[in-house]
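# Residue-level structure breakdown
These are the residues of each chain, in order.
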Amino acid sequence: MGLTYNTYLNSDKIYGCKNCKAHLANAHDIISRNFRGQHGKAYLFNTVVNVETGDPSERNMTTGRHVVRDIQCRQCKDVVGWKYDRAYESSEKYKEGKFILEAELLCNVT
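Bear in mind that the values here come from a model prediction, so they are computed numbers and not experimental data.

### Thoughts on the sheet that holds strand S10 (residues 106-108)
The sheet built from three strands is open, its strands ordered S2-S1-S10 with antiparallel pairing. Here the strands that pair on one side only, and so sit at the sheet edges, are strand S2 (23-26) and S10. Neighbour to neighbour, the strand axes of the sheet diverge by 35° on average, direction disregarded. Pairing of strand S1 (residues 14-17) with S10, which is carried by three bridges, proceeds in the antiparallel orientation. Within the sheet, the bridge partner assigned to Tyr 15 lies in S10 and is Asn 108.

This is the structure we're talking about:
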């Protein structure tokens, strides 16, 4: 397996991994700030970088049943949120393919 290189974002506000400061997402890519995770406030993003996804699992969440994958920082391996693979409720389908990053696990890089 070859080397993996981190992607560096160029923006006035970048969210990074709280542990290692690796760039994870551009603040302009937030779809919604109205989410909750295991550690409190969380944000829904369209795209994130420098993460690896775990195996899919079905979870009962506040908004119904979903198939999700934990996402971890590629650099330090800390779990920083999850990715929605499937939503069973039609009103929740907009989440499919999107990412949740938990605010408590993030830092402002710029």
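### Here's the deal with the pattern of salt bridges
Applying the stated criterion across every chain yields a total of seven salt bridges. For the salt bridge of Glu 52 with Lys 77, the shortest nitrogen-to-oxygen distance reads 3.2 Å. Note that Glu 52 is positioned in strand S5 (residues 51-53) and Lys 77 in the loop between strand S7 (64-73) and strand S8 (79-87), a separation of 25 residues in sequence. Here Asp 85 ties to Arg 69 by a salt bridge, and the two come within 2.5 Å at their closest N and O atoms. Of this pair, Asp 85 sits in strand S8 while Arg 69 sits in strand S7, and the two are 16 residues apart along the sequence.

### Regarding the UniProt feature "domain: Yippee" (unreviewed entry) in the protein
In this structure's numbering, the residues bearing the UniProt feature "domain: Yippee" (unreviewed entry) are residues 13-110. Along residues 13-110 the backbone is 0% helical and 57% strand, and the end-to-end C-alpha distance reaches 5 Å.

### Some thoughts on the pairing of strand S4 (residues 40-45)
Where burial is concerned, most of S4 is hidden: five out of the six residues are buried. As consecutive antiparallel partners, strand S3 (residues 30-37) and S4 are separated by two residues. In this sheet, strand S9 (residues 99-102) lies alongside S4 in antiparallel orientation, the contact comprising four bridges. Bridged to Tyr 43 within S9 is Leu 101.

The rules behind each value
Residues numbered from 1 in each chain as written. Predicted model: local features only at pLDDT ≥ 70, side-chain atom pairs only at ≥ 80, totals over all residues. Heavy atoms only, no water. Pairing = 2+ DSSP bridges. Helix = DSSP H or I, 4+ residues; strand = E, 2+ residues; numbered from the N terminus. Axes fitted to C-alpha atoms, helices over the stretch in contact; angles between N-to-C directions. Salt bridge = Lys/Arg side-chain N within 4 Å of Asp/Glu carboxyl O. UniProt positions renumbered as here; feature names shortened; annotations may be inferred. Buried < 20%, exposed > 50% of the residue type's maximum accessible area, 1.4 Å probe, protein only.

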